[in-house]
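Coordinates in review
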Amino acid sequence: MRPRVYESIDDVGSDRITELQPGLDFSFGLLRAMERSLWGALVVRYLTVENDDGALLAFTPVYVGSNLNFNALLPKAIQKGYDAMVGGLGMSMATRVAVTGSLISDRGWIPMDRELRDRAGALRLLLRDLDRVAKEHHAQLGMLKDIHRDLPAEDRAVIRGAGFAEGFSLPTIRIDTNYATFEEYLEQHLTKNGRKHARKQFRKAEGMYSLRVIEDFEEMIPRVFGLHRAVFLRAKYQFEELPPRFFVECARSTTPKTELVLCERTDGRIAGSLMIVYDEREQQNKRIGIDYELPDSGLVYNLLNYTGIQRAIARGIPSLWLGQSSYVPKTRMGGRLEDQYLFIKAYDPMLKPTLPLQRWWMARYSAANVEAGVEKGISI
Amino acid sequence: MRRVFLTGAATLVGAEVLRALLHRIEVHSIALLMPADETLRTQTLQRLEAFAGPMPLSVSVITGDMRLPRFGLSVEAWKTLASSADIGIHCGQREVPDQNLELARQANVAPVENWIYLLERNPSLRLHHLSTALVGGARRGLFTEFDLDCGQRFHNAFEHSKFEAETRLRESSVTDRVAVYRPSHVLGCAATGQAFDFGGAYPLLSTIAKAAILPGDARARLDFVPADYVASAIVTLALHNAAGTFHLACGWETSLPVRDAVKLAAGGRGRSRGARLLPRAAAWPLQLAGASSADGLTSRALAFTTARDLLHQGPVFDTYLADLALKPAGITRPAPASWLETATRHAESCAWRSRTPRD
């Protein structure tokens, strides 16, 4: 086993990554889309562990820069204070962060060969290279982003053992779509209220909105990007700012496949847009765009999500990921919350004392806690 | 054959737009909005001829004031104007980065109301509106061509009023016939440095070229574009009936770190080293004395506030739509590292004043 660092996903290679079955978030196409749409002083490196034949045993991307919204989950006062400090004292005061994992993940992970016996050894090699890359780029903070609860507990222990503090990140939402038909999903997966709600949405849309799916959607991006941007600008937690180029690259991706669901008013005005990524095992409703100038934005949001669910069922895809936001409507659609963890390490001694506080603050993002809020009708 | 009505021809970008229009054979006629005062009008036309060459017969003059209702024209003249053009290019603006919002609105928002009225009268007329990427204000982060209101704060009345003008256009019933151009910091022609007027980003350039100490962040990026690139982009897209918003900016990749921009500007002035940069929070005592600008192009107080506001990291301009539209036409933006010193040198050689007669 030997570690290696690459500067471009193209150097790692599509075939080697696909062989690892890395999941959608770490698929070649999505990581390449991300790499080609980085903006500002953000750089990416790909950390790999390979065997003597050059086959990948483990890999993960790491993004380093000061334009990562690393404190999005922290209290607003801290975010404002940080912004004021950088505004007053300049970019030299901006915290440089090394974020490991996919910047647009719905389910964070560390892709590894399933047959690999020495997982801990491979993980340690990756983490050693993460420290090296972080220091090389003068990062003050290292993060492993949104590690899903399914990552073996022993692997998480290795990460903690490498000096990372473990806290909760926003939970992800998964829907079981292993049904023969959408009707079966409605009948068997949803509560009576959920079922009633879903049917009502489609009835309300009759004669007002229509939905269609476009597989080759690059030409649509100038028409829909503004809607996606509006959703980002309204979001409570604004993580990665994606430029239009990201959507262009996604439209061109073949691993995974992508498509765009459009919700159009009868006069042709686009009311909403949903970008879906999928392979044969899973699907993600990756980015949603809504025209908030229309009074029916809630209806359009639901229609797009239900159509996403229909698409997964029609393709026989058993699992659908709905992201890390809008927990109330998504649980009504039958989504389950699953814990994810954030690992943080301070390379700057000044930041070290803040880690226990960050960990304490982020306890509020446990799935149990978020679920308790959802029962009261509050999306965290 | 296209008929063009142009306002603000006697500005840094407007004069370049006029020069580019004069070279386009598909342009049948160009009407210029000029001041009613005859002496001023004659002087302005002389300056334009000195810059763009003799005016052919296809160029006509309409006298009025863009800040007044109907541009100050009579009802009859207004009706005639409405039917006499199919491309409107609005380059007239007040660029002073001060806090006088009333004056800024008169010059930057009121004319837009006239344009909307004009477009409502003539359904085949399309407007090409010169705005600024600085409508992104003090936002630190990505600013795309799809964005306008991101909850940003504005440094000055210029940014604020241009934002209001764009908002008005977006909300109007004619919005699908409007193209908005948002250049970043505009300077003269890339190859020669020649500029009709030392407006645009020249007050900023003169400040970084002259001052010994400035409030600024060495690592922040400055986005400069040459006026001839802006003009050729506007004219090309206008003749292709473009609509939407276009960032005419160099983008993050080729924008200059402030430390490099300061060095290049100082080099253009013959200085061996650029201004020392102080963090904004530590530079407030400088406000008392202000900052100097080359040949006093701007007041010391304005030079200080311009540097304080613009030499720190602001929005990063995404240029997706502009790239998509301009690539087929072969219009590319030159990197400022290759021409900023030339622009400074040319301004120095003119003592930061227009060579053509001025009012």
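Here's what I pulled together on the structure shown here. (Residues numbered from 1 in each chain as written. Chains lettered and ligands numbered in written order. Predicted model: local features only at pLDDT ≥ 70, side-chain atom pairs only at ≥ 80, totals over all residues. Heavy atoms only, no water.)

1. What to know about the interface of chain B and chain A
Interface size is commonly expressed as the accessible surface area that is lost when the partners come together. Opposite the 23 residues of chain B that make contact, chain A presents 23 residues. Of the roughly 1800 Å² buried between chain B and chain A, counting both surfaces, carbon and sulfur atoms make up 64%. There are 3 salt bridges connecting chain B and chain A. For Asp147(B), the salt bridge identified is with Arg229(A), shortest N-O distance 2.8 Å. At the junction of chain B with chain A, the criterion picks out 10 residue pairs in polar contact (both at pLDDT 80 or more). Looking at the side of chain B that touches chain A, the elements that each hand over two or more residues are strand 6 (141-143) and helix 13 (320-326) of chain B. (Contact = heavy atoms within 4.5 Å. Buried area = accessible area lost by both parts, 1.4 Å probe. Salt bridge = Lys/Arg side-chain N within 4 Å of Asp/Glu carboxyl O. Polar contact = N/O pair within 3.5 Å; in protein donor to acceptor, adjacent residues only side chain to side chain. Helix = DSSP H or I, 4+ residues; strand = E, 2+ residues; numbered from the N terminus.)

2. Remarks on the pairing of strand 3 (residues 56-65) of chain A
Residues and elements named next belong to chain A. The buried fraction of strand 3 is high, at 10 of 10 residues. Relative to strand 3, strand 2 (residues 43-50) runs antiparallel, the two sharing 8 bridges. Note on strand 3: the bridge partner recorded for Val43 is Val64. If you look at the hairpin formed by strand 2 and strand 3, you'll find 5 residues sitting between the two strands, and Gly54 has a positive phi there, around 90°. (Buried < 20%, exposed > 50% of the residue type's maximum accessible area, 1.4 Å probe, protein only. Pairing = 2+ DSSP bridges.)

3. Focus: the sheet that holds strand 1 (residues 2-7) of chain B
Residue and element names in this part refer to chain B. On the basis of which strands lie adjacent, the open sheet formed by 7 strands has the order 3-2-1-4-5-7-12 and parallel pairing. Of all strands in the sheet, those bounded by a partner on one side alone are strand 3 (59-63) and strand 12 (244-248). Going across the sheet, the axis of each strand differs from the next one's by a mean of 20°, ignoring polarity. As defined by bridge partners, strand 2 (residues 27-34) adjoins strand 3 across 5 bridges and the pair is classed as parallel. Across the sheet, Ile30 pairs through a bridge with Val59, a residue of strand 3. (Axes fitted to C-alpha atoms, helices over the stretch in contact; angles between N-to-C directions.)

That's the geometry; what it means functionally is another story.
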